[in-house]
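Here is how the chains run, residue by residue.
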Amino acid sequence: MSQPTASQPIRKKSDNKNFDSKKSLPKRSKSKGKSASKSVSKKKATTVKHKTADTPPSRRLPNRNVYPFFQKLADTIDEPVTELEYSSNFELLIAVILSAQATDVSVNLATRKLYPVANTPEQIYQLGEEGLKEYIKTIGLFNSKAKNVIKTCKDLIEKHNSIVPDNRKDLEALAGVGRKTANVVLNTAFGQPTMAVDTHIFRVSNRTGLATGRTVLAVEQKLLERVPKDFIVDAHHYLILHGRYTCQARTPQCGKCPVYAECMFKDKAKFAEI
Ligand code: SF4
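Attention in this report is confined to the structure presented alongside it. Counting restarts for each chain: residues are numbered from 1 in the order of the written sequence. In view of the model being predicted, local features appear only for residues whose pLDDT reaches at least 70, and side-chain atom pairs are presented and counted only at 80 or more, with totals across whole chains, interfaces and linings using the full set of residues.

## Some words on the nonpolar core
Burial of nonpolar side chains together is a common tendency in soluble globular proteins. Put simply, a nonpolar core is a cluster of buried Ala, Val, Leu, Ile, Met, Phe, Trp, Tyr and Cys residues tied together by C-beta atoms within 7 Å. Here the C-beta atoms are placed from the backbone, and a residue counts as buried if at least 20 other C-beta atoms lie within 10 Å of its own, exposed if 12 or fewer do, and partly exposed otherwise. Grouped together as the largest cluster of nonpolar side chains are 70 residues, with contacts concentrated most on Leu98, Val185 and Ala235. A run of H or I in DSSP becomes a helix once it reaches four residues, and a run of E becomes a strand once it reaches two; helices and strands are each numbered from the N terminus. Considering every element that reaches this core, the biggest residue donor is helix 4 (residues 89-98), with eight residues. Residue ranges labeled as domains rest on an automatic or database domain assignment. Two domains share this core, each providing at least three of its residues, namely domain 1 (63-80 + 195-272) and domain 2 (89-190). For Ala235, the residues in contact, after removing those within four places along its chain, are Phe70, Met195, Leu223 and Val227. We call two residues in contact when the distance between their C-beta atoms, placed using the backbone, is within 7 Å.

Given below as structure tokens:
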């Protein structure tokens, strides 16, 4: 998953070995967003410089805006699920490890060939590092990832009865699994209210004023404080998909944005005209 979760279906899917998530990728938006301002000066729009993930934090998004912010994302994102393809918790774990600093698309291309051949800890362990590399060599950092995946498979077999742990401590003890990967697995596989802050969530949180912070951990903690209970489990995927397809780094699609009214990004009116 590039650096960086309806919720019930995905967890049922991940627990069902027969589920084929490859046929169930998420739909994007139902609408193109009707709330963007239409009274923006075109003259101003021509002077806008592209903003990036370094966009300075916006003013804090008011508490009264938080619930509608997520309600509108929920109304427009039909399936808040990961775009990584998997059909078991183990496949998800390996896909997330492989996705560090790589795109979901590149990981899916590799795992589509790997998983039909090996999709259990024992089978991937049997491939060995060199055998595994043949399947993942198109993914960045594949040498170190192959090493980590083989070690993780060994530990799963020897310490966890080949079952993916459902707690942070055991997950983070696995090779190649840091806080973000553990958060993704805990959220997506086990439905826990964790927040894996990736580049999209970090940008969207700061830009909208939803959860401003200089570090990933600071943003994660603020999100956990601010996201309403009704949305806490799916917020992770709402924010990732919103950042990936609407609130993009260089050119946020403010003119099509469903949370335009709630967002505190100071240049949103200018970008609405682009
Ligand atoms: S209005 Fe623009 S900056 Fe604000 S969330 Fe929407 S796309 Fe992002």
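## Quick word on helix 12 (residues 235-245)
Among the eleven residues that make up helix 12, nine are buried, leaving the element largely enclosed by the rest of the structure. Residues of helix 12 that are buried include every one of Ala235, His236, His237, Tyr238, Leu239, Ile240, Leu241, His242 and Gly243, and no others. The secondary structure elements touched by the buried residues of helix 12 are helix 3 (63-76), helix 9 (179-188), helix 10 (199-208) and helix 11 (216-226).

## Overview of the site of the ligand
In this entry, near means the residue's backbone-placed C-beta atom lies within 6 Å of the molecule or strand. Lining the immediate surroundings of the ligand are 14 residues, of which Cys247, Pro252, Cys254, Cys257 and Cys263 lie closest. Secondary structure elements with two or more residues in the shell around the ligand: helix 10 and helix 13 (268-271). Its residues assigned to classes, the shell around the ligand shows nine nonpolar, three polar and two charged. Only Asp, Glu, Lys and Arg are considered charged in this grouping, and only Ala, Val, Leu, Ile, Met, Phe, Trp, Tyr, Cys and Pro are considered nonpolar; every other residue, Gly among them, is considered polar.

## Brief notes about the packing of helix 10 against helix 12
Any two packed helices are characterised by how steeply their axes cross, that is the angle between the axes, and by the distance between the axes. Close contact between helix 10 and helix 12 brings their axes to 8 Å; oriented N to C, the two are set at 85°. By the angle between their directions, the pair helix 10 and helix 12 is classed as roughly perpendicular. Facing helix 10, whose interface residues are His200, Ile201, Arg203 and Val204, helix 12 presents Leu239, Ile240, His242, Gly243 and Arg244. Here the contact of helix 10 with helix 12 is composed, by residue class, of four nonpolar, three polar and two charged. Axis lines are fitted to C-alpha atoms, over the contacting stretch for helices. Their N-to-C directions set the angle, which ranges from 0 to 180 degrees. Every angle not falling under 35 degrees, over 145, or within 65 to 115 is termed oblique; those three ranges are roughly parallel, roughly antiparallel and roughly perpendicular.

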